[in-house]
Amino acid sequence: MEQWNVVRPEDLNRSPFQMIGKDWMLITAEKEGKVNTMTASWGGMGVLWEKNVAFIFVRHSRHTYEFLEAADGFSCTFYPEQYRQQLSYCGTVSGRDEDKVAHCGFTVEHAYGIPFFQQAETVLLCKTLYSQQLEEKNFLDPEIFPRCYGDKDLHRMYVGEILELRRKE
């Protein structure tokens, strides 16, 4: 089994545009001893409030939303291409209906009380610092809201301090 290496976020040598937007990630949180995850392709990484952060966006309608609201932190995990089918599955099936983690054969690990999966190749362990609901009135580009939120199911943004970045190398 490959070992985790802790890497400074500043030393991440992969493009977050590729990691999040093209390769996708799993957002994972825990509530009352149960772990839930969802696939996401919206988010980012940067520096905010003098901290290295990741920011993610989750709709109220997603089962993972309840877990993020109950948890103090979350993980963002990234996978080699061989896991594309599992990531697709986690983005189309709700954790309300079945245990997606078990279905995909993921092994749950914890650090800082935050769940993540052993199968990942890169892990961001994040402490939630801030969350805010997106609102229609705040969209300055008039094309975004009707294109992305025709159903009015807006995202909630979560900003998490990156406590640790792990990679398998």
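Just above sits the structure.
What you see is a predicted model; the values in this text were computed from it and never measured.

Enquirer: For this particular structure, what's the right way to read the pattern of salt bridges?
Expert: Charged atoms that come close allow side chains of opposite charge to pair. For the structure on display, the rule yields 12 salt bridges. Arginine 14 serves as the salt-bridge partner of aspartate 23, at 2.9 Å between the closest nitrogen and oxygen. In the salt-bridge network here, residues are joined through shared partners; they are Arg14, Asp23 and Glu121.

Enquirer: Sorry, what's going on with the pairing of strand 4 (residues 43-48) here?
Expert: The side chains of a regular strand alternate between both faces of the sheet. Pairing of strand 4 with strand 5 (residues 51-59) involves six bridges; the strand directions are antiparallel. Paired with methionine 45 across the bridge in strand 5 is alanine 54. In this antiparallel pair of consecutive strands, strand 4 and strand 5, the connection spans two residues, and tryptophan 49 shows a positive phi of 55°.

Enquirer: Which parts of the structure should I look at to understand the packing of aromatic side chains?
Expert: Two descriptors summarise a pair of aromatic rings, namely the distance from one centre to the other and the angle between the planes of the rings. Tallied over the full model, the rule gives 10 aromatic pairs. Ring centres of tyrosine 79 and tyrosine 83 lie 5.7 Å apart, and the angle between their planes is 55°; on these two criteria the pair is classed as tilted. The same class applies to tyrosine 79 and to tyrosine 83, which are both buried. Here a set of aromatic residues connected by ring pairs shows up, and it is made of Tyr79, Tyr83, Phe106 and Phe117. The side chain of lysine 31 reaches across the aromatic face of phenylalanine 67, ending 5.9 Å from its centre.

Enquirer: What exactly am I supposed to notice about the state of the cysteines here?
Expert: Joining two cysteines, a disulfide is a covalent bond between their sulfur atoms. On inspection of all chains with the given rule, the structure shows zero disulfides. The cysteine cysteine 76 is free of any disulfide, with cysteine 126 supplying the nearest cysteine sulfur at 4.9 Å.

Enquirer: How do you make sense of helix 3 (residues 84-92) when you look at a structure like this?
Expert: Since the α-helix packs 3.6 residues into each turn, any two residues three or four apart lie on the same face. For helix 3, every residue scored as buried is listed here: Gln86, Leu87, Tyr89 and Cys90. The buried residues of helix 3 occupy one face: seen down the axis, they fall within an arc of 160°. What points out from helix 3, more than 90 degrees from its buried face, is the exposed set Gln85 and Thr92. Those residues of helix 3 hidden inside the fold are in contact with strand 2 (25-31), strand 3 (34-40) and helix 4 (100-104).

The rules behind each value
- Residues numbered from 1 in each chain as written.
- Predicted model: local features only at pLDDT ≥ 70, side-chain atom pairs only at ≥ 80, totals over all residues.
- Heavy atoms only, no water.
- Salt bridge = Lys/Arg side-chain N within 4 Å of Asp/Glu carboxyl O.
- Pairing = 2+ DSSP bridges.
- Helix = DSSP H or I, 4+ residues; strand = E, 2+ residues; numbered from the N terminus.
- Phe/Tyr/Trp six-rings, centres within 6.5 Å; stacked < 30°, edge-to-face > 60°.
- Buried < 20%, exposed > 50% of the residue type's maximum accessible area, 1.4 Å probe, protein only.
- Lys NZ or Arg CZ within 6 Å of the ring centre and 35° of its normal.
- Disulfide = S-S within 2.5 Å.
- Arc of directions from axis to C-beta.
- Contact = heavy atoms within 4.5 Å.

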